[in-house]
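Here's the letter readout for the chains.
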Amino acid sequence: MKLITGTDVDDPVFDPFLPRVGCGICELNEKPINVQAVPDDNQVVSDEQMLEAMAKWSREHAATHTEAEHQDHERRRREA
Amino acid sequence: MAVTAEDVVTRGDAGRKMLRHLVKAVIPANASWPESAGGPVDLPPAFYFLRVDNRSPAGGDVLISLDGPVKQAGDVFGYWDRFNAGERRVRNVGSPGVDAPAKELHLFNLGAVQATVWIELAMHPIIDISSSPGAKITDGSDNTLDVAISSAAVKDISVYNVETTGALGASATFTGAWRDTLYYNWFGVLALSDVTGTLILDEADAAVPTVANLISSVATAAVPANQPSPPAATGFVARVAPTKTVLRFNRVRYINGAGAQARLNIQSAMSPIN
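For clarity, every value in this text was computed on a predicted model and none was experimentally measured.

Procedures and definitions
- Residues numbered from 1 in each chain as written.
- Chains lettered and ligands numbered in written order.
- Predicted model: local features only at pLDDT ≥ 70, side-chain atom pairs only at ≥ 80, totals over all residues.
- Helix = DSSP H or I, 4+ residues; strand = E, 2+ residues; numbered from the N terminus.
- Buried ≥ 20, exposed ≤ 12 C-beta atoms within 10 Å, placed from the backbone.
- Contact = placed C-beta atoms within 7 Å.
- Pairing = 2+ DSSP bridges.
- Expected span 1.5 Å × (residues − 1).
- Arc of directions from axis to C-beta.
- Nonpolar A, V, L, I, M, F, W, Y, C, P; charged D, E, K, R; others polar.
- Axes fitted to C-alpha atoms, helices over the stretch in contact; angles between N-to-C directions.
- Core = buried A, V, L, I, M, F, W, Y, C linked by C-beta atoms within 7 Å.
- Domains from an automatic or database assignment.

Remarks on the overall build of chain A
Part 1 of the reasoning: Helix and strand content of chain A: 3 helices and 4 strands.
Part 2 of the reasoning: Summarising its shape, the C-alpha atoms of chain A cover approximately 45 × 25 × 20 Å along the three principal directions.
Part 3 of the reasoning: Residues classed as buried in chain A amount to 44% of the 80 residues present.
Part 4 of the reasoning: In chain A, 57% of the contacts between residues at least 6 apart in sequence involve partners at least 24 apart.

Shown next, in the form of structure tokens:
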């Protein structure tokens with residue numbers, strides 16, 4: 001399995017029939033980033049494994065932002 | 001940060017949950033799979049249903065065997081089924097509770113070009129009506145016919161999707177797969193988490209859209225006092241009541257709040273009854 005990295009959720013690098021996970025802060029900063037888990041050639045993976053791989057990326061990526069950034073994102077999300 | 005296969009795949013783990021499994025088989029010209037891939041592939045221990053999506057170029061037709069490599073390509077008794085290039089079908093391999101499940105999967109590429117085949121394997125039925133080129137009743141202009149039913153019960157064939165159960169990090173976003181609602185009139189979604197977020201429903205005219213639209217955006221609210229469990233009697237919930245589809249494709253999005261999630265469960269439903 002590998003994670004494909006793209007920009008916005010509709011980046012053509014992604015398979016539209018598979019889910020993806022991104023960062024709301026980067027999107028607000030107009031530097032959108034999303035990742036999509038796909039099986040390597042000839043590898044069998046489950047939906048659960050692909051979802052967890054993307055969720056794990058999101059948890060690690062969240063640490064690259066400051067608490068102030070998270071709170072600002074939270075405020076803007078509530079106002080939207 | 002790259003996630004390696006070893007991070008998320010435990011090969012040969014007998015305790016692995018029997019959910020849908022996906023494999024992208026790449027088969028050299030006139031070769032057998034998985035033998036051409038260097039040996040056995042880590043298939044689920046058993047399966048009753050499979051969906052084969054042969055994305056190969058013209059000529060990349062494949063044969064499938066469930067009991068060892070395809071023996072003779074020219075002998076219809078030497079393989080189980082044939083999927084021509086561009087063909088997508090769902091098949092069951094036996095009756096759960098009656099027959100033994102399949103435990104092997106072998107492919108043979110009949111073409112002189114490399115074949116690429118996506119295969120889903122599951123213990124439970126795979127419903128894939130919209131992508132099947134199966135037979136339908138149409139008029140001379142290929143419009144589906146109206147059928148008047150006065151006495152027969154009409155069975156609901158709603159499709160229920162688990163969109164995700166992976167707990168997201170703070171401020172993360174989840175975007176689900178586009179769901180083709182060609183044969184469904186209604187689409188609804190439910191999200192449950194332990195922290196706040198926003199649930200969004202999108203629609204588009206195609207899986208690679210020329211037109212897309214936000215149908216609904218709902219912030220989660222604290223679950224009511226009488227909330228049943230599981231997953232928990234406390235936490236946050238957002239629900240978009242089933243809405244009539246206007247554009248053909250629908251998908252779910254979720255924006256997490258400032259707190260990292262300990263749990264997330266998003267499920268959607270597509271229903272044909274109007």
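Concerning the overall build of chain B
Part 1 of the reasoning: Looking only at helices and strands, chain B features 1 helix and 18 strands.
Part 2 of the reasoning: Considering chain B as a whole, with its 274 residues, one finds that 32% of them fall into the buried category.
Part 3 of the reasoning: Relative to all contacts within chain B whose residues are 6 or more apart in sequence, the contacts with residues 24 or more apart total 78%.

Section: the sheet that holds strand S9 (residues 159–164) of chain B
Residues and elements named next belong to chain B.
Part 1 of the reasoning: Strand order in this open sheet of 5 strands is S9-S18-S12-S16-S15, and the pairing throughout is antiparallel. Every interior strand has two partners, whereas the edge strands, S9 and strand S15 (221–222), have only one.
Part 2 of the reasoning: Where S9 and strand S18 (residues 264–271) come together, 5 bridges link them in antiparallel fashion. Paired with Thr-164 across the two strands is Ile-266, which belongs to S18.

Some words on helix H3 (residues 67–79) of chain A
Residues and elements named next belong to chain A.
Part 1 of the reasoning: When the terminal C-alpha atoms of H3 are compared, their 18 Å separation across 13 residues agrees well with the 18 Å that a helix rising 1.5 Å per residue should span.
Part 2 of the reasoning: Listing the buried residues of H3 in full gives His-70, His-73, Glu-74 and Arg-77. Buried residues along H3 cover an arc of 100 degrees about the axis, so they all sit on one side. Across from the buried face of H3, at angles greater than 90 degrees, the exposed residues are Ala-68, Arg-75 and Glu-79.

Structural notes on the pairing of strand S16 (residues 236–244) of chain B
In the case of a regular strand, side chains alternate between the two sheet surfaces.
Residues and elements named next belong to chain B.
Part 1 of the reasoning: Sheet topology note: the strand S12 (residues 186–193)/S16 ladder contains 7 bridges and is antiparallel. Looking at S16, one finds that Ser-193 is bridged to Phe-236.
Part 2 of the reasoning: Both S15 and S16 contribute to a ladder of 2 bridges, which runs antiparallel. Each bridged residue has a counterpart across the sheet, and for Ala-222 the counterpart in S16 is Phe-236.

A closer look at the interface of chain B and chain A
Part 1 of the reasoning: Residue-level contacts link 47 residues of chain B with 46 residues of chain A.
Part 2 of the reasoning: Going through the elements one at a time, helix H1 (5–8), strand S1 (21–27), S9 and strand S10 (172–175) of chain B are the ones with two or more residues in the side of chain B that touches chain A.
Part 3 of the reasoning: When residues in the side of chain B that touches chain A are grouped by element, the largest group, 6 residues, is from S1(B).
Part 4 of the reasoning: Split by residue class, the side of chain B that touches chain A holds 30 nonpolar, 11 polar and 6 charged.
Part 5 of the reasoning: Where strand S2 (residues 20–23) of chain A and S10(B) come together, 4 bridges link them in antiparallel fashion. Residue pairing for S10(B): A:Gly22 is matched across the bridge by B:Thr173.

A closer look at the sheet that holds S1(B)
Part 1 of the reasoning: Ordered by their spatial adjacency, 5 strands build an open sheet running S4(A)-S1(B)-S8(B)-S3(B)-S6(B), and the pairing between neighbours is antiparallel. Two strands in the sheet have a free side with no partner beyond their single neighbour: strand S4 (44–46) of chain A together with strand S6 (88–92) of chain B. With direction set aside, neighbouring strand axes in the sheet form an average angle of 20 degrees.
Part 2 of the reasoning: Bridge analysis of strand S3 (residues 49–54) of chain B against S6(B) gives 5 bridges, and the strand direction is antiparallel. Within S6(B), the position partnered with B:Arg51 by the bridge is B:Val90.

So, unusual backbone geometry
Leave glycine aside and you will find that most residues have negative phi; peptide bonds, for their part, are mostly trans.
Residue and element names in this part refer to chain B.
Part 1 of the reasoning: A cis amide bond, omega 5 degrees, links Ser-229 with the succeeding residue Pro-230.
Part 2 of the reasoning: The omega torsion across Pro-230 and Pro-231 is 10 degrees, close enough to zero to call that bond cis.
Part 3 of the reasoning: Among the structural elements, Pro-231 can be located in the loop between S15 and S16.
Part 4 of the reasoning: Phi angles above zero are rare outside glycine, and Asn-30 is one such case at about 50 degrees.
Part 5 of the reasoning: Summarising the element assignment, Asn-30 is placed in the loop between S1 and strand S2 (32–33).
Part 6 of the reasoning: Given 14 C-beta atoms within 10 Å, Asn-30 falls into the partly exposed group.
Part 7 of the reasoning: The phi torsion at Ser-171 lies on the positive side, around 65 degrees, for a residue other than glycine.

A look at the nonpolar core
Part 1 of the reasoning: Grouped together as the largest cluster of nonpolar side chains are 61 residues, with contacts concentrated most on A:Val21, A:Met54, B:Val62, B:Leu63, B:Leu107, B:Val117 and B:Tyr254.
Part 2 of the reasoning: For this core, the element with the highest residue contribution is helix H2 (residues 47–62) of chain A, accounting for 7 residues.
Part 3 of the reasoning: Inspection of this core shows a minimum of three residues originating in each of domain 1 (18–122) and domain 2 (159–271) of chain B.
Part 4 of the reasoning: Not counting residues up to four positions away in its chain, the partners in contact with A:Met54 are A:Arg20, A:Val21, A:Val35, A:Ala37 and B:Gly166.

Some words on the domain arrangement of chain B
Part 1 of the reasoning: For chain B, the assigned domains are domain 1 (18–122) and domain 2 (159–271).
Part 2 of the reasoning: On a C-alpha basis, the centres of domain 1 of chain B and domain 2 of chain B stand 33 Å from each other.

Quick look at the pairing of strand S13 (residues 197–204) of chain B
Residues and elements named next belong to chain B.
Part 1 of the reasoning: Among the 8 residues that make up S13, 7 are buried, leaving the element largely enclosed by the rest of the structure.
Part 2 of the reasoning: Taken together, the 8 bridges between S13 and strand S17 (residues 249–256) define a ladder with antiparallel strand orientation. Counted as the bridge partner of Ile-200 is Arg-253 from S17.
Part 3 of the reasoning: Inspection of the sheet shows S13 paired to strand S14 (residues 212–219) by 7 bridges, in the antiparallel sense. Bridge assignment links Glu-203 to a residue of S14, and that residue is Asn-213.

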